[in-house]
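# Observations on the model geometry
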Amino acid sequence: MPVIEADPDAARERLEAAGVDVTPGNTDHEEWRAKRGDAVAVAYADKIVVQGASPTDLTLLLEEGGGRAHVYFDGASRGNPGPAAVGWVLVTSDGIVAEGGERIGEATNNQAEYRALLGALEAARDYGFDEVDVRGDSELIVKQVRGEWDANDPTLREHRVRVRELLSSFDRWSIAHVPREINDRADELANEALDG
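To start, this report covers the structure provided alongside it. (Residues numbered from 1 in each chain as written. Predicted model: local features only at pLDDT ≥ 70, side-chain atom pairs only at ≥ 80, totals over all residues. Heavy atoms only, no water.)

Ordered by their spatial adjacency, five strands build an open sheet running β8-β7-β6-β9-β10, and the pairing between neighbours is mixed. Looking at which strands have only one partner, the edges of the open sheet turn out to be β8 (95–107) and β10 (172–177). Shown here is a sheet whose adjacent strand axes are inclined to one another by a mean of 15°, direction ignored. Of the strands in this sheet, β6 (68–77), β7 (82–92), β8, β9 (131–136) and β10 are in contact with helix α3 (residues 109–126), which crosses β6 at around 155°. (Pairing = 2+ DSSP bridges. Helix = DSSP H or I, 4+ residues; strand = E, 2+ residues; numbered from the N terminus. Axes fitted to C-alpha atoms, helices over the stretch in contact; angles between N-to-C directions. Contact = heavy atoms within 4.5 Å.)

With that settled, the discussion passes to the pattern of salt bridges. Where side chains of opposite charge bring their charged atoms close, a pairing between them can arise. Taken as a whole, this structure holds 16 salt bridges when the rule is applied. The shortest N-O distance in the salt bridge between Arg 68 and Asp 133 comes to 2.7 Å. In this pair, Arg 68 sits in strand β6 while Asp 133 sits in strand β9, placing the two residues 65 residues apart along the sequence. Look at Arg 68 and you get partly exposed, because its relative accessible area is 43%. Two residues, Arg 172 and Glu 131, come together in a salt bridge whose shortest N-O distance is 3.4 Å. Of the two residues, Arg 172 sits in strand β10 while Glu 131 sits in strand β9, which places them 41 residues apart along the sequence. One salt-bridge network, held together by shared partners, links Arg 68, Glu 131, Asp 133 and Arg 172. (Salt bridge = Lys/Arg side-chain N within 4 Å of Asp/Glu carboxyl O. Buried < 20%, exposed > 50% of the residue type's maximum accessible area, 1.4 Å probe, protein only.)

The terminal C-alpha atoms of helix α5 (residues 154–168), which comprises 15 residues, lie 21 Å apart, in line with the 21 Å expected from a rise of 1.5 Å per residue. Among the residues of α5, those classed as buried are Leu 156, His 159, Val 163, Leu 166 and Leu 167. Burial along α5 is one-sided: seen end-on, the buried residues are contained in an arc of 95°. Facing away from the buried side of α5 by over 90 degrees, the exposed positions are Glu 158 and Ser 168. Structurally, the start of α5 carries an N-cap: the backbone nitrogen of Thr 155 is 3.0 Å from a side-chain oxygen of Asp 153. (Expected span 1.5 Å × (residues − 1). Arc of directions from axis to C-beta. Polar contact = N/O pair within 3.5 Å; in protein donor to acceptor, adjacent residues only side chain to side chain.)

Looking now at helix α4 (residues 139–146). Among the residues making up α4, those that are buried are Ile 141, Val 142, Gln 144 and Val 145. Along the long axis of α4, the arc covered by the buried residues comes to 165°, so they all point the same way. Tucked inside the fold, the buried residues of α4 contact β6, α3, β9, α5 and β10. With its phi angle positive at about 90°, Gly 147 sits one or two positions after the end of α4.

What follows concerns the nonpolar core. With 35 residues, the main nonpolar core has Leu 90, Leu 117, Leu 121 and Val 134 as its most contacted residues. Looking at this core, the elements that each hand over two or more residues are β6, β7, β8, α3, β9, α4 and α5. Element by element, the count of residues in this core is highest for α3, at nine residues. Counting 16 residues, the second-largest nonpolar core is a separate cluster that includes Ala 11, Val 20, Trp 32 and Ala 39. (Core = buried A, V, L, I, M, F, W, Y, C linked by side-chain atoms within 4.5 Å.)

Regular strands show a simple pattern: their side chains alternate between the two faces of the sheet. Most of β7 is tucked away: nine of the eleven residues are buried. Two strands pair when backbone bridges link them, and β6 and β7 are joined in this way by eight bridges, in the antiparallel orientation. Pairing of Ser 77 across the sheet is with Ala 84, part of β7. Between the end of β6 and the start of β7, which pair antiparallel, lie four residues, with Gly 79 showing a positive phi angle near 120°. Where β7 meets β8, eleven bridges bridge the pair, whose relative direction is antiparallel. Bridge pairing links Gly 87 to Gly 101 in β8.

Laid out in structure tokens, this is it:
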């Protein structure tokens, strides 16, 4: 169970800024408690103890200097346009830190790819990472974000602008095209959401 030496007030502010609900402690010795995913943080006078099956759900937000994550994204559309879903995965040297998949209504495949990328970058930002290496199997999205290809569709242009805004909030970022088999977990999450 990780123990983080930190000022409880500053740590509480970081958690609340990331949208984590912080509640009063259960005993006189506890400053506060916070829960996110499969982790619970308990603050004492000069330290925070994190418990649960997935402590990185909170430790990444509590520790100074968010570190680096590999960010994988994928979108899926049946009908193009048609019912669509997204999937994304955040990976560090500790393994998968977070992942998500959800339906997004009607969209083209390219719109779904951008929405997956946006969701992944928002999650990386919320987890406090300061460096991201983004990977996706859509060559179109990767090349548009890099500025190598134009985005003629107005919706894709808007998504690209938002992606670039999010990327600029990181100290360092990269984006690269990878084969589908490298991106298989994000692909699974998008398809599971679509099938669910």
